[in-house]
Amino acid sequence: MKLFSCPRCGARLYFENSRCLACGTAVACLPREARFAPLDETAGCANREAAACNWAAEAGGLCAACRLNRTIPDLAVPGNAARWARVEAAKRRAVYALIAFGLDVAGKAHPDAEIGLAFDLLADPPQGGRVLTGHHAGLITLNVAEADSVERERMRTAMGEPYRTLLGHFRHELGHYYWERLVRDDSARLARFRALFGDERADYAAALRRHYEAGPPVDWQERHISAYAASHPWEDWAESWAHYLHIADTLEMAEALGLPFAHLDTVVEAEGSGGFEAALSRWLALGETVNALNRCMGLADLYPFVISPAAAGKLRFVHALLAGRAAGAQPEADREA
């Protein structure tokens, strides 16, 4: 994520800003142009008030992120409006990264179509039952209860997870969708995927049942970025995809703030095919730094993960798929032998 500038006075704007705090100009983000514009020169998203959306409108009065919604929570239920706003804030950050990487972020032309993204943002029904966060054929369902920090922390503890955020959910589920778009139907990429992650044709339901009943293998950290990644090759991929986006976003912000850690794209341009390794080294240094700072404040580690050589190889695969895509170049994955 980068820093932005006010189009009127040049003061710093953050991704979440809807108004310049220096000159008072109301602004809207144009994600496809990676800039902000004055609200009096562009139309704001129709959800600007209802969901605190600070993006500019596209077709139908909705922004590039809001127009992907198929269902939103019932706003008549107390608390759902605030939950929805927090969910949308995380979704915008996730969608912005997809656009920046040059990925297709199209909605579904038909409700039964596999290609195209849609979101069901749902609350648990009052009569009982539980909405499960997940992905199927481009439809991503998210339980808006995850927007409540107390509930999310309860779930994180119950699941034995070191990290659980709305943004993490979106990045993980989007990883499932882009596996279908970028890997599944390309025989060369699929072969490389299977060599790294394993054969995704293994029984998925049985693998998850085994994971929840017995837990991950004792040596999972030697091969995976998280315990959940050890459950099945699809989850290993989705976790690796999400972590790559975590790393790319944070390194870019570190660079924008003038910290001595470069963004992956900058490193790739400067150092060619060795760019990923250099960027990973910078990430490990930054991760150690922010974790130590968090501990000084009595907080948990910001990045509570260990990246083994095997996990780094999986991140490298994601990098190879995305590197150069935003500029229209052939992805590194297709230039590999």
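Use the structure listed above.
Residues numbered from 1 in each chain as written. Predicted model: local features only at pLDDT ≥ 70, side-chain atom pairs only at ≥ 80, totals over all residues. Heavy atoms only, no water.

## Quick notes on the pattern of salt bridges
Next, step 1: Summed over the entire model, instances satisfying the criterion amount to 30 salt bridges.
Next, step 2: A salt bridge links Glu146 to Arg164, with the nearest nitrogen and oxygen atoms 2.5 Å apart. Residue Glu146 is found in the loop between strand S8 (139-143) and helix H2 (149-159), and its partner Arg164 is found in the loop between H2 and helix H3 (166-182); the two are separated by 18 residues along the sequence.
Next, step 3: Taking the shortest distance from any N to any O, the salt bridge between Arg171 and Asp249 comes out at 2.7 Å. Pair noted here: Arg171 is in helix H3 and Asp249 is in helix H6 (residues 233-256), with a separation of 78 residues, a long-range link.
Next, step 4: Using a relative accessible area of 3% as the deciding quantity, one classes Arg171 as buried.
Next, step 5: Linked by salt bridges that have partners in common, Glu114, Glu180, Arg181, Arg184 and Asp185 make up one network. (Salt bridge = Lys/Arg side-chain N within 4 Å of Asp/Glu carboxyl O. Helix = DSSP H or I, 4+ residues; strand = E, 2+ residues; numbered from the N terminus. Buried < 20%, exposed > 50% of the residue type's maximum accessible area, 1.4 Å probe, protein only.)

## Comments concerning the nonpolar core
Next, step 1: By size, the foremost hydrophobic cluster in this structure holds 77 residues, and its most contacted members are Trp55, Tyr178, Trp237, Trp241 and Ile307.
Next, step 2: Tallying contributions element by element places H6 first for this core, with ten residues.
Next, step 3: Among all residues touching Trp237, those that are not within four sequence positions of it are Gly175, His176, Trp179, Val183, Phe193, Phe197, Phe317, Val318 and Leu321. (Core = buried A, V, L, I, M, F, W, Y, C linked by side-chain atoms within 4.5 Å. Contact = heavy atoms within 4.5 Å.)

## Considerations on the pairing of strand S6 (residues 118-122)
Working note: regular strand, side chains alternate between the two faces of the sheet.
Next, step 1: Burial within S6 is extensive, with four of its five residues counted as buried.
Next, step 2: Here strand S5 (residues 69-71) runs beside S6; their pairing, made up of two bridges, is parallel. Residue pairing for S6: Thr71 is matched across the bridge by Asp120.
Next, step 3: Both S6 and S8 contribute to a ladder of five bridges, which runs parallel. Pairing of Ala118 across the sheet is with Leu139, part of S8. (Pairing = 2+ DSSP bridges.)

## A short note on H2
Next, step 1: Considered for burial, the residues of H2 that qualify are Glu151, Arg152 and Met155. The buried residues of H2 all sit within an arc of 100 degrees when viewed along its axis, so they share a single face. For H2, the exposed residues set more than 90 degrees away from the buried face come down to Val150 and Thr157.
Next, step 2: Buried positions along H2 lie against H3.
Next, step 3: Looking one or two residues beyond H2, the residue adopting positive phi is Gly160, at roughly 65 degrees. (Arc of directions from axis to C-beta.)

## A word on the sheet that holds S5
Next, step 1: Across the sheet, four strands lie side by side as S5-S6-S8-S7; this open sheet has mixed pairing. Two strands close off the open sheet at either side, each with one partner strand: S5 and strand S7 (134-136). Mean inter-strand twist for the sheet, computed between neighbouring axes without regard to direction, equals 25 degrees.
Next, step 2: Against the sheet, helix H1 (residues 80-100) makes contact with S5, S6 and S8, and its axis sits at roughly 150 degrees relative to S6, the strand it touches most. (Axes fitted to C-alpha atoms, helices over the stretch in contact; angles between N-to-C directions.)

## Comments concerning the side chain of His169
Next, step 1: Its place among the elements puts His169 in helix H3.
Next, step 2: Of note is the side chain of His169, whose polar atom sits 3.2 Å from the side chain of Glu146.
Next, step 3: Ignoring anything within four residues of it in the chain, the contact list for His169 reads Thr133, Leu142, Glu146 and Arg164. (Polar contact = N/O pair within 3.5 Å; in protein donor to acceptor, adjacent residues only side chain to side chain.)

## Describing the environment of Ala94
Next, step 1: Locating Ala94 in the fold gives a position in helix H1.
Next, step 2: Judged by relative accessible area, Ala94 falls into the buried class, the value being 3%.
Next, step 3: Ignoring any residue separated from it by four or fewer positions in sequence, one finds Ala94 in contact with Leu167, Phe170 and Leu174.

## Points about the packing of aromatic side chains
Next, step 1: Counted under the stated rule, the structure contains 22 aromatic pairs.
Next, step 2: Summarising the aromatic geometry, the rings of Tyr163 and Phe305 are spaced 6.1 Å apart at their centres and angled 70 degrees between planes, so their arrangement reads as edge-to-face. One end of the pair, Tyr163, is in the loop between H2 and H3; the other, Phe305, is in the loop between helix H8 (275-296) and helix H9 (309-322), with 142 residues separating them in the sequence.
Next, step 3: A ring pair is formed by Trp237 and Phe317, whose centres lie 6.0 Å apart and whose planes are at 75 degrees; its orientation type is edge-to-face. Of this pair, Trp237 sits in helix H6 while Phe317 sits in helix H9, and the two are 80 residues apart along the sequence.
Next, step 4: By relative accessible area, which is 4% here, Phe317 ends up buried.
Next, step 5: An aromatic cluster is defined as three or more aromatic residues linked by ring pairs; in this entry it consists of Tyr177, Tyr178, Trp179, Phe193, Phe197, Tyr204, Trp234, Trp237, Trp241 and Phe317. (Phe/Tyr/Trp six-rings, centres within 6.5 Å; stacked < 30°, edge-to-face > 60°.)

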